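Examining the three-dimensional arrangement
So the chains spell out like this:
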Amino acid sequence: MKPREMYRITAVRLVEFHNLGTTTIEIPEGGHLFLLGDNGSGKTTILDAIHLVLTAGREMEFNSAARVAGAKDSGGRTIQGIVLRYNAVTGKTVREAGITYAAVELRSDAGRVCSLAIGLSASGMDVAYERWGGIASVPVKELPIMIPGTGEHSGKMRPASQGEFKTGMASLTGGKYYAHINDYADAVGVRLFGGEAKYADVCKLLRTGKAYREIAARAANYDDLFRQLLEDP
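Residues numbered from 1 in each chain as written. Predicted model: local features only at pLDDT ≥ 70, side-chain atom pairs only at ≥ 80, totals over all residues. Heavy atoms only, no water.

Right, let's talk about the sheet that holds strand β7 (residues 130–136) for a bit. Strands sit in the order β2-β1-β5-β6-β7-β10 across an open sheet of six strands; the sheet is antiparallel. Two strands close off the open sheet at either side, each with one partner strand: β2 (21–26) and β10 (176–178). Going from strand to strand, the sheet's axes swing by 15 degrees on average, the running direction of each strand aside. Relative to β10, β7 runs antiparallel, the two sharing three bridges. Opposite Ile135, over in β10, you have Lys176 as the bridge partner. (Pairing = 2+ DSSP bridges. Helix = DSSP H or I, 4+ residues; strand = E, 2+ residues; numbered from the N terminus. Axes fitted to C-alpha atoms, helices over the stretch in contact; angles between N-to-C directions.)

Relative to the 18 Å expected for 13 residues at 1.5 Å per residue, helix α4 (residues 181–193) spans 17 Å between its end C-alpha atoms, a close match to the ideal helical length. Buried residues of α4: Ile181, Tyr184, Ala185, Ala187, Val188, Gly189 and Leu192, and no others. Directly beyond the C-terminal end of α4, a positive phi value near 85 degrees is found at Gly194. (Expected span 1.5 Å × (residues − 1). Buried < 20%, exposed > 50% of the residue type's maximum accessible area, 1.4 Å probe, protein only.)

In this section: the side chain of Arg13. Within the element layout of this structure, Arg13 appears in strand β1 (residues 7–17). Buried charge Arg13 goes without a salt bridge, the closest partner of opposite sign being Glu26 at 8.3 Å. Excluding residues that lie within four positions of it along the chain, Arg13 makes contacts with Thr22, Thr23, Thr24, Tyr101, Ala102, Ala103, Val140, Ile145 and Met146. (Lys, Arg positive; Asp, Glu negative; His and termini not counted. Salt bridge = Lys/Arg side-chain N within 4 Å of Asp/Glu carboxyl O. Contact = heavy atoms within 4.5 Å.)

This part is about the pairing of β2. Alignment of β1 against β2, held across five bridges, turns out to be antiparallel. The residue bridging Arg13 from the neighbouring strand is Thr24, located in β2. Here β1 folds back onto β2 in antiparallel fashion, the turn holding three residues, of which His18 has a positive phi close to 45 degrees.

Bringing the confidence of the model for the chain into the picture now. Looking at the chain as a whole, the pLDDT averages 83, with 80% of positions reaching at least 70. Across the chain, the secondary-structure element scoring lowest on mean pLDDT is helix α6 (residues 212–218), at 59, and the one scoring highest is β10, at 98. When the criterion is pLDDT under 50, residues 66–74 qualifies, and its contacts beyond four places in sequence or with other chains add up to 12 contacts. (pLDDT = per-residue confidence, 0-100.)

Before going further, it helps to examine unusual backbone geometry. Within the chain, Glu16 stands out as a residue other than glycine whose phi angle is a positive 50 degrees. Within the secondary structure, Glu16 is located in strand β1. With relative accessibility at 21%, the residue Glu16 sits in the partly exposed group. One non-glycine residue, Arg85, lies in positive phi territory at about 60 degrees. Relative to the elements of secondary structure, Arg85 occurs in the loop between α2 (79–84) and β3 (86–87).

Below, the discussion takes up the nonpolar core. Core analysis: the largest hydrophobic core is formed by 34 residues, its most contacted members being Phe17, Leu52, Leu116, Ile118, Ile135, Tyr184 and Val188. Of all elements in the fold, only β1, α1 (43–55), α2, β5 (98–108), β6 (113–122), α4 and α5 (196–210) reach the threshold of two or more residues within this core. For Phe17, the residues in contact, after removing those within four places along its chain, are Thr45, Ala49, Leu52, Ile82, Thr100, Tyr101 and Ala102. (Core = buried A, V, L, I, M, F, W, Y, C linked by side-chain atoms within 4.5 Å.)

Right, let's get into the pattern of salt bridges. Applying the stated criterion across every chain, the model contains five salt bridges. With a closest N to O distance of 3.3 Å, Arg58 and Asp186 form a salt bridge. Placement of Arg58 in the loop between α1 and α2 and of Asp186 in helix α4 is noted, with a sequence separation of 128 residues between them. A relative accessible area of 27% means that Arg58 is categorised as partly exposed. What makes Asp186 partly exposed here is its relative accessible area of 40%.

Spelled out as C-alpha cells, the structure:
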C-alpha cells in the first residue's frame with residue numbers, strides 16, 4: 001500500500017475570529033514546537049482555530065488549553081462568543097451579529113497544497129449558530145472568505161456570506177463546499193487521515209493535547225504526565 005502523504009501546517013488565516021480579529025499567520029517551514037506570547041495575546045485562540053478546522057468541532061472544548069481546573073465551561077468560550085467576540089471579563093460582545101472564518105493551509109512533502117476553512121455565523125449569544133466548510137487545492141490566501149464591501153463599506157474587505165463562500169469555492173482548483181459540517185468532517189477524515197476510524201482517534205488526541213495545563217497541574221512527575229497525554233492506541 002502506498003504510504004499516505006505527510007502534510008504540515010504552513011499558514012493559519014482568521015477572519016473576525018474572537019480576540020485576534022482578522023489576520024494571517026505564516027509558518028513557512030511547516031511548523032514550530034512552541035507558541036509563545038503574553039497572557040491574552042491569542043495563543044489559545046490560535047489553537048482553537050486550528051483545532052476547529054481540523055476536527056469540525058468534534059471532541060472539542062474551546063479554551064481548554066487555558067483551563068487548569070474547574071468546570072469545562074469556565075473559560076467562557078462558545079462558538080457564539082467567538083463570532084461575536086465576547087469578552088468574559090466585561091460580559092459584553094464587540095458585535096451584535098456577524099460571520100467568522102478560520103482556515104488552515106497544509107502542504108505535503110511532495111509540494112501539494114490543501115486549504116481547509118470553516119465559516120461560522122451567529123446573531124446572539126443565546127441564538128443558534130450556523131456552520132459550513134470548504135476544502136480546496138489552493139493556498140489559504142485564495143480562499144473566498146473575504147470579499148470587497150459595497151456602498152458605505154466600498155474599498156473595505158468583509159467576511160463572505162455562506163452563499164458567497166459557496167459560489168467562490170466552485171471556481172477554485174479542487175474546490176468543494178460543504179453546507180453540512182458533518183460532511184466537511186468526513187471529507188477531512190478521508191483526505192488527510194485515511195478514514196473515519198483513524199480520524200476519530202486524531203480528534204481525541206487533539207482534545208487531550210490541548211488540556212496540557214490541567215493535566216500538568218495534577219501530574220506528580222513527567223512520566224505520569226505523558227502517559228495521561230498520550231492515550232493508549
